[in-house]
Protein chains: 6
Amino acid sequence: MRKQKSVKDSYVRMTELVLPNDTNTLNNLMGGKMMHWMDIVSAIAAQKHSNRIVVTASVDNVSFKESIKLGNVITLEAQVTRAFSSSMEVHINVWSEDIPSGTKVKSNEAFFTFVAVDQSGNPIDVPEALPETEEEVKLYDGALRRRQLRLILAGRMKPHDANELKSIFDLG
Amino acid sequence: MRKQKSVKDSYVRMTELVLPNDTNTLNNLMGGKMMHWMDIVSAIAAQKHSNRIVVTASVDNVSFKESIKLGNVITLEAQVTRAFSSSMEVHINVWSEDIPSGTKVKSNEAFFTFVAVDQSGNPIDVPEALPETEEEVKLYDGALRRRQLRLILAGRMKPHDANELKSIFDLG
Amino acid sequence: MRKQKSVKDSYVRMTELVLPNDTNTLNNLMGGKMMHWMDIVSAIAAQKHSNRIVVTASVDNVSFKESIKLGNVITLEAQVTRAFSSSMEVHINVWSEDIPSGTKVKSNEAFFTFVAVDQSGNPIDVPEALPETEEEVKLYDGALRRRQLRLILAGRMKPHDANELKSIFDLG
Amino acid sequence: MRKQKSVKDSYVRMTELVLPNDTNTLNNLMGGKMMHWMDIVSAIAAQKHSNRIVVTASVDNVSFKESIKLGNVITLEAQVTRAFSSSMEVHINVWSEDIPSGTKVKSNEAFFTFVAVDQSGNPIDVPEALPETEEEVKLYDGALRRRQLRLILAGRMKPHDANELKSIFDLG
Amino acid sequence: MRKQKSVKDSYVRMTELVLPNDTNTLNNLMGGKMMHWMDIVSAIAAQKHSNRIVVTASVDNVSFKESIKLGNVITLEAQVTRAFSSSMEVHINVWSEDIPSGTKVKSNEAFFTFVAVDQSGNPIDVPEALPETEEEVKLYDGALRRRQLRLILAGRMKPHDANELKSIFDLG
Amino acid sequence: MRKQKSVKDSYVRMTELVLPNDTNTLNNLMGGKMMHWMDIVSAIAAQKHSNRIVVTASVDNVSFKESIKLGNVITLEAQVTRAFSSSMEVHINVWSEDIPSGTKVKSNEAFFTFVAVDQSGNPIDVPEALPETEEEVKLYDGALRRRQLRLILAGRMKPHDANELKSIFDLG
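Only a predicted model underlies this, so the values are computations on that prediction, with no experimental measurement involved.

What follows is about the overall build of chain A. Looking only at helices and strands, one finds two helices and eight strands in chain A. The order of helices and strands in chain A, counted from the N terminus, is β-β-α-β-β-β-β-β-β-α. Taking 172 residues into account, the globule formula puts the C-alpha radius of gyration at 16 Å, and chain A, at 17 Å, falls close to it. In terms of principal-axis extent, the alpha carbons of chain A reach across some 50 × 40 × 35 Å. Within chain A, buried positions represent 59% of all 172 residues. Taking contacts inside chain A between residues at least 6 apart in sequence as the whole, the part at least 24 apart equals 68%. Separation of charge centres in chain A, based on 21 positive and 22 negative side chains, amounts to 3 Å.

Next up on the list: the relation of the copies chain B and chain A. When chain B is brought onto chain A, the operation consists of a screw motion whose angular component is 180 degrees and whose axial shift is 0.0 Å, with 0.0 Å RMSD remaining. Within this description, the copies of the chain are treated as partners about a two-fold rotation axis. If distances are taken from each C-alpha of chain B to the rotation axis, the shortest is found for Asn61(B), at 2.3 Å. Comparing interface residues between copies, 100% of those in chain B also sit at the interface in chain A, which points to an isologous, same-surface contact.

Right, let's talk about the sheet that holds strand β3 (residues 53–59) of chain B for a bit. With antiparallel pairing, six strands are arranged side by side in an open sheet as β4(A)-β3(B)-β7(B)-β6(B)-β5(B)-β2(B). The strands lining the two open edges of the sheet, one partner per strand, are β4 (62–63) of chain A together with β2 (12–17) of chain B. With respect to the sheet, helix α1 (residues 31–50) of chain B is in contact with β2, β3, β5 (73–84), β6 (87–98) and β7 (103–117) of chain B, its orientation differing from that of β5(B) by roughly 45 degrees.

Turning our eyes to something else, we now look at the arrangement of the chains. Separated throughout, chain B and chain D approach each other most closely at a C-alpha pair spaced 17 Å apart. Contact between chain C and chain E is absent, and the least distance between their C-alpha atoms amounts to 17 Å.

Turning our attention to the environment of Leu26(E). In this structure, Leu26(E) sits in the loop between β2 (12–17) and α1 (31–50). Ignoring any residue separated from it by four or fewer positions in sequence, one finds Leu26(E) in contact with Lys69(E), Ile53(F), Val117(F), Asp118(F), Gln119(F) and Gly121(F).

Quick look at empty space enclosed by the protein now. Applying the stated rule across the entire model yields two cavities of 30 Å³ or more. Contributing to the lining of the second largest cavity are Arg13(B), Thr15(B), Val73(B), Thr75(B), Glu97(B), Lys104(B), Tyr11(E), Val12(E), Arg13(E), Ile44(E) and Lys48(E). Counted by class, the lining of the second largest cavity contains four nonpolar, two polar and five charged residues.

All right, on to the relation of the copies chain E and chain F then. When chain E is fitted onto chain F, the two copies agree to an RMSD of 0.0 Å after a turn of 180 degrees and an axial shift of 0.0 Å. With an isologous cut-off of 70% or more, the 100% of interface residues of chain E that recur at the interface of chain F puts this contact in the isologous class.

Residue and element names in this part refer to chain B. Counted by the stated rule, this structure contains six aromatic pairs over all chains. Pairing Phe-112 with Phe-114 gives two aromatic rings, centres 6.4 Å apart and planes at 15 degrees, and the pair type is stacked. Both residues of the pair, Phe-112 and Phe-114, count as buried.

The next thing to look at is the interface of chain B and chain A. Opposite the 39 residues of chain B that make contact, chain A presents 39 residues. Here chain B meets chain A over a buried area of about 3,100 Å², counting both sides, of which 69% is carbon and sulfur. The interface formed by chain B and chain A includes zero salt bridges. At the boundary of chain B and chain A, one finds eight residue pairs in polar contact (both at pLDDT 80 or more). Sorting elements by how many residues they give to the side of chain B that touches chain A places β3(B) first, with seven residues. For the side of chain B that touches chain A, the class distribution of residues is 20 nonpolar, 13 polar and six charged. Pairing of strand β3 (residues 53–59) of chain A with strand β4 (residues 62–63) of chain B, which is carried by two bridges, proceeds in the antiparallel orientation. For Ser58(A), the partnering residue across the bridge sits in β4(B) and is Ser63(B).

Here we take up the sheet that holds strand β3 (residues 53–59) of chain E. Spatially, β2(E)-β5(E)-β6(E)-β7(E)-β3(E)-β4(F) is the arrangement adopted by the six strands of the open sheet, whose pairing is antiparallel. The open sheet has two edge strands, β2 of chain E together with β4 (62–63) of chain F, and neither has a second partner. Here strand β6 (residues 87–98) of chain E runs beside strand β7 (residues 103–117) of chain E; their pairing, made up of twelve bridges, is antiparallel. By the bridge assignment for β7(E), Val94(E) is matched with Asn108(E). Taken strand by strand, α1(B) contacts β2, β5 (73–84) and β6 of chain E, and its axis lies near 85 degrees from that of β2(E).

Between chain E and chain F, the residue contacts involve 39 residues of the former and 39 residues of the latter. Between chain E and chain F, roughly 3,100 Å² of surface is buried when both sides are summed, and carbon and sulfur atoms account for 69% of that area. The tally of links from chain E across to chain F stands at zero salt bridges. Looking at the side of chain E that touches chain F, the elements that each hand over two or more residues are α1, β3, β4 (62–63), β7 and α2 (134–153) of chain E. A breakdown of the residues in the side of chain E that touches chain F according to their chemical character gives 20 nonpolar, 13 polar and six charged.

This part covers the packing of α1(E) against helix α1 (residues 31–50) of chain F. Their axes nearest at 8 Å, the elements α1(E) and α1(F) cross at an angle of 170 degrees. For the element pair α1(E) / α1(F), the angle class is roughly antiparallel. Here Gly31(E), Gly32(E), Lys33(E), Met35(E), His36(E) and Asp39(E) of α1(E) lie close against α1(F), whose contacting residues are Gly31(F), Gly32(F), Lys33(F), Met35(F), His36(F) and Asp39(F). Partitioned by chemical class, the residues of the contact of α1(E) with α1(F) number two nonpolar, six polar and four charged.

Another aspect to go through is helix α2 (residues 134–153) of chain C. All names here are of chain C. When the terminal C-alpha atoms of α2 are compared, their 29 Å separation across 20 residues agrees well with the 28 Å that a helix rising 1.5 Å per residue should span. The largest bend along α2 measures about 30 degrees and falls at Ala-143. Listed as buried for α2 are Glu-136, Leu-139, Gly-142, Ala-143, Arg-146, Gln-148, Leu-149, Arg-150 and Ile-152. Taken from the residues just after α2, Gly-155 is the one with a positive phi, measuring 75 degrees.

The next thing to look at is unusual backbone geometry. It is generally the case that most residues other than glycine have a negative phi and that most peptide bonds are trans. Positive phi values are uncommon outside glycine, yet Asn51(D) reaches one of about 50 degrees. Following the sequence through the fold, Asn51(D) ends up in the loop between α1 (31–50) and β3 (53–59).

Structurally, the position occupied by Lys65(A) is in the loop between β4 and β5 (73–84). Classification of Lys65(A) as exposed rests on a relative accessible area of 62%.

Here we take up the pairing of β6(B). Residue and element names in this part refer to chain B. Judged by how many residues are buried, β6 sits mostly within the fold: ten of twelve residues are covered. Inspection of the sheet shows β5 paired to β6 by eleven bridges, in the antiparallel sense. Bridged to Val-73 within β6 is Glu-97. Between β6 and β7, which pair antiparallel and follow one another directly, the connecting turn spans four residues, one of which, Gly-102, has a positive phi of 70 degrees.

Once that is clear, we can look at the confidence of the model for chain A. Scored by pLDDT, chain A comes out at a mean of 92, with 96% of its residues at no less than 70. Scoring the predicted complex yields pTM 0.93 and, for the interface, ipTM 0.91.

What follows is about the pattern of salt bridges. Applying the stated criterion to the full structure yields 41 salt bridges over all chains. A salt bridge links Asp22(C) to Lys33(C); its shortest N-O distance comes to 3.8 Å. With a gap of eleven residues between them, Asp22(C) in the loop between β2 (12–17) and α1 (31–50) and Lys33(C) in helix α1 connect regions that are remote in the sequence. Its relative accessible area of 17% is what places Lys33(C) among the buried residues. Among the charged side chains, a salt-bridge network with shared partners connects Asp60(A), Glu89(A), Arg146(A) and Arg150(A).

Conventions and cut-offs
Residues numbered from 1 in each chain as written. Chains lettered and ligands numbered in written order. Predicted model: local features only at pLDDT ≥ 70, side-chain atom pairs only at ≥ 80, totals over all residues. Heavy atoms only, no water. Helix = DSSP H or I, 4+ residues; strand = E, 2+ residues; numbered from the N terminus. Rg over C-alpha atoms; globule rule 2.2 N^0.38 Å. Buried < 20%, exposed > 50% of the residue type's maximum accessible area, 1.4 Å probe, protein only. Contact = heavy atoms within 4.5 Å. Lys, Arg positive; Asp, Glu negative; His and termini not counted. Charge placed at Lys NZ, Arg CZ, Asp CG, Glu CD. Least-squares fit on C-alpha atoms with pLDDT ≥ 70 in both. Pairing = 2+ DSSP bridges. Axes fitted to C-alpha atoms, helices over the stretch in contact; angles between N-to-C directions. 1 Å grid on protein atoms, 1.4 Å probe; cavity = no way out; pocket = protein on both sides within 12 Å on 5 of 7 lines; lining within 4 Å. Points joined across faces, edges and corners; volume = space filled by probe spheres on them. Nonpolar A, V, L, I, M, F, W, Y, C, P; charged D, E, K, R; others polar. Phe/Tyr/Trp six-rings, centres within 6.5 Å; stacked < 30°, edge-to-face > 60°. Buried area = accessible area lost by both parts, 1.4 Å probe. Salt bridge = Lys/Arg side-chain N within 4 Å of Asp/Glu carboxyl O. Polar contact = N/O pair within 3.5 Å; in protein donor to acceptor, adjacent residues only side chain to side chain. Parallel < 35°, antiparallel > 145°, perpendicular 65-115°, else oblique. Expected span 1.5 Å × (residues − 1). Bend = angle between axes of the 7 residues up to and from the residue. pLDDT = per-residue confidence, 0-100.

The structure is reproduced here in structure tokens:
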């Protein structure tokens, strides 16, 4: 029988300081640097779940609403939502804090998917991921829908086969 | 009347070498570093179209199919596909080349969206983007669909209002 | 009356991945890189306590017992222990984790001291730091002794005036 | 008989320029970056003495008195003070220079300890370190006291066994 | 017979953004960073021509006429001009663009020479480089003269043996 | 009368460790990184002579004879050779040391030229540079010849006007 691990065992929190080289000429954090951090924090979460080296398989749509300034403190939290044979979806929340002014805002939310690999780089099965809290169950349930959307966007699934996804689009 | 610019005027080509710090312990390029480069090349394309400082607004789903090794040469090409008042969608193609073995593969394709801002960081209108080749027209036409998907995924549009998007999902 | 804040409000957790450029030719993390991370995580803790920009004032003796390898995941936790007018002592614990082998060891423990400054760089008073748990009270109480040792080592206090410190050295 | 080398053969001088990413939002050098440089310069001194790869074993109390600005030129000088079987203590002096204003101040002084290791990472004996000048002899003599303080602070020696150290604390 | 390749097959275009750490305290790009980029783009051109790992053999005189500012977009174009047994000369053009102000200037032109090596680091023959356009033929023809100047400056050729070079100096 | 300073007052010594990101896939230092270090050490020498911010004006032909490996210790020494109104020529010597094997070789020698600028970036006069030792006088005397070669190579002097240079080429 497949091994099981609680999703919360994969929880990782990372804190970063926005330095000059991370910013554009308006002193705003560049989106690419933020995605670089998101990739590292979520890769560590996927490593903790699988006890394996992992490689990034896909990144879901990420939107950047808040401008983040030089000197801000960025907190990233990542946790596996669900595992599928050798792949794992990871959910990431990002907060940005301007400490002298005492303001903290949620700046991003994202889903990254990783594949666990062995030393030769071949995919290898990972434990099942068990959700416990209500929030974890909701993320676990939504993982199937997001997976179908990824497969459609990658041209690997036909839309009318995406049963789970239909609920997003109110399809009868 | 709004200014018009050919989409090809925004074309940018960037070449990068995969260095040790860009790789994981299997000597594969980390996905976050790739997204960092994609963000820079596409931000430059959006700057060229708008002659403005730009900020990343969103990144569409990106998938990573090929593993890219230490020492590979990465070529990224970016070009604006369409402009909407102050925002621009940029299309990015990425190739990875192992020069000693003479192999070159297309490794990624992505869409990033940027907003042009003035010196105070406020959104400002950009020129219209005119497609010319058949490929450019196809990307221009698809931009509306992708935009509706972004708005739905960000919770800012209801699926049944997404007329353009319906064609993806074969909705009657 | 001086403002008071719970020491736990300053708690920060940071996670880092050991990359090639952080290591020596035996693939071991260099001590200087570890101290660089310790300085960042503890500066953020001091910023959170004081809501000010802070500058490093001193680093207590740090010892490196474990060798930390390329690819390890480093977790650093920092929390203010006690505040003195404009300065704050921060306690840092560091764990190193080799995820594929499933081993995690405590690799370092350290005390850094910071001074809060205003926009002109002048020292400025910070809130009192209130310990709550037994562990926090112990760290709070020891802070005076460590402060006397720092002053003696910096040549700014005579050993026979260091009443608190005497207990360390069993002095009658 | 154990090989002997003059301490001055380990002398290293390193010069660094304070760049934007090394500074906080007040344009002051961050303490962690300074310790990173101190670690590199003193590791090279220990390598020169031992002709071995070395690993950082401990850092003694470091205090930061001067604020160092963006664009300053930092000069670090390191020299082994004394060797103990496989370990070496290194003394570091740091100057900070603001060239346009023509000011140069001594900003830091520190002691780092390194262990020489073989290719498998095991400790290996190093040559004796011979002091020659009056200053070198003084640093050589003080090395025993500093070593006892390190052992006590690491919980590996009882204070009443630290005979050498007693002189610092005026103990009868 | 020796393999032949068109010089244009080695063409590489690289785009870089001037970030804070690349600049001095006047926000001008440092010359050393520019040479670092020139070395990478021209090494890739030499790799493409030879399908080998290459090492930098020499850099001809480079002059810096324009000051390049923080935030500028740098475009570097490199192409092999001529091959000699295991070495290749590469010609590099550099443009600097200030996008918000819409100005673009040619900032540098340089010649770098590389040697192709095998996996043990020994020199290995490369294909002949065939020029096609008028500009390429001119660069191909000039390569001999520049090579003689390099050999003289390196003390490896006597000036009166440098027949090709004499034309530069109007020698009878 | 113009201020005078001894050339030796500009002497700078810098030490660097070759890290993974500085090397190619054969673990050899990349030439561009070496030039980056040369630029920094020689800019500091020119700053020390002029007490001004300086910008790189030109780099003379540099050749790379030795391959330098990961983990090597690089020592760079720079000193102004001669000053011309607002410009200064700096001579740089570079040694590369493999400490475990106890080998040290001279790997490079180069001349960089800098211009001193005021806060607006305009050229400003610098003190005369006085050579003292025989070696310094020789470098001072050769500076005129090298300057003429630079002007010819930059197309700003005609070869038959280069009286000083003629001696290199044995011209009657």
